[in-house]
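# Tertiary structure, described
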Amino acid sequence: MKKMILAAAVVAAGAFCANAEDYNRGAITYDHTSLGLNKNMKDAFDVDGLSTNGIGLNYVHGFGISKSLPMFIETGLNLNFNFGSENVGKKYTVGDYWLQDKMVMQNINMQIPVNFVYKFTLTDDITLSPYIGLNFKLNLVNKYKEKVDTNISDSDLEDMGYDKKDLEGEWINTFSDTNENMGSKDWTWNRFQMGWQIGVGVNYKPFYLGLQYGTDFIPAYKHEFKEENYKETYKVSTGTFRLTLGYNF
């Protein structure tokens, strides 16, 4: 009887698990990244928070790590392009005219994820793949500018002695300590970040749909300013929600 129960358990486990064969996947992603600003950063930028939306191009390879269980290590390369804007302060109104300061951000980054994946077979065509892992991010471009939105027409601006380009602002590179950018090494952001993520993917034949959330161990920016009788920390952390559409091959 014990042998029959053990055999039944092995058969059931085999029916619920996928084969641990290596695989590749190409994918496109939608990313929503929230930049969490601590109180000092919120006061410095006069915003409650910042966020970007973007797309990514991903390649993943899954390595089978067990002959008997559907366990995998996934790694690959992600290239992501993110854009966003937030209002700064309150809208200024004069008669029928209004002006609103706005912060515009752009980020391009490259990521190498390393995930542990376990695949469950639901049907002959559908598998479920929950995973957890680490993420290594290199920020290639990160810049922002402060511009002014307004309903004042170009002709009225010219009458006031302004040009539309005067309201567009200049891009500031957050990795540069030059005067026209961050102005000091104390204010430059981190090019390299490390974080973690957790997610789940559904495979239907060769097609893949995934949901993921992750945040950082190494923040986008952190610095503690110290002087006599003064100590303040400024910090920007990131959290990203990701939707993935892919093709396995």
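The following refers to the structure shown.

What counts as what
Residues numbered from 1 in each chain as written. Predicted model: local features only at pLDDT ≥ 70, side-chain atom pairs only at ≥ 80, totals over all residues. Heavy atoms only, no water. Phe/Tyr/Trp six-rings, centres within 6.5 Å; stacked < 30°, edge-to-face > 60°. Helix = DSSP H or I, 4+ residues; strand = E, 2+ residues; numbered from the N terminus. Buried < 20%, exposed > 50% of the residue type's maximum accessible area, 1.4 Å probe, protein only. Lys NZ or Arg CZ within 6 Å of the ring centre and 35° of its normal. Patch = residues over 30% accessible without salt bridge, like charges linked within 9 Å, V, L, I, M, F, W, Y side chains within 5 Å. Areas by Shrake-Rupley, 256 points an atom, 1.4 Å probe, with all protein chains shown as cover. Salt bridge = Lys/Arg side-chain N within 4 Å of Asp/Glu carboxyl O. Lys, Arg positive; Asp, Glu negative; His and termini not counted. Charge placed at Lys NZ, Arg CZ, Asp CG, Glu CD.

### Let's talk about the packing of aromatic side chains
All chains considered together, the criterion is met by nine aromatic pairs. A centroid spacing of 5.8 Å and a plane angle of 75 degrees characterise the contact between Phe45 and Tyr144, whose relative ring orientation is edge-to-face. Here the residue Phe45 occupies a position in helix α2 (residues 39-45), and Tyr144 occupies one in strand β6 (residues 126-150), the gap between them amounting to 99 residues. Here Tyr144 falls in the buried class, since its relative accessible area comes to 10%. Ring centres of Tyr118 and Phe120 lie 4.9 Å apart, and the angle between their planes is 45 degrees; this geometry places the pair in the tilted category. Classification of Tyr118 as buried rests on a relative accessible area of 19%. Pairwise contacts between aromatic rings join Trp187, Trp189, Tyr221, Phe225 and Tyr234 into one cluster. Directly above the ring of Trp98 sits Lys91, whose terminal nitrogen or CZ lies 4.5 Å from the centroid.

### Observations concerning a negative patch on the surface
Taken together, Asp154, Glu158, Asp159, Asp163 and Asp166 make up a surface patch of like negative charges. By relative accessible area, which is 45% here, Asp154 ends up partly exposed.

These results come straight from atomic positions and should not be treated as a statement about function.
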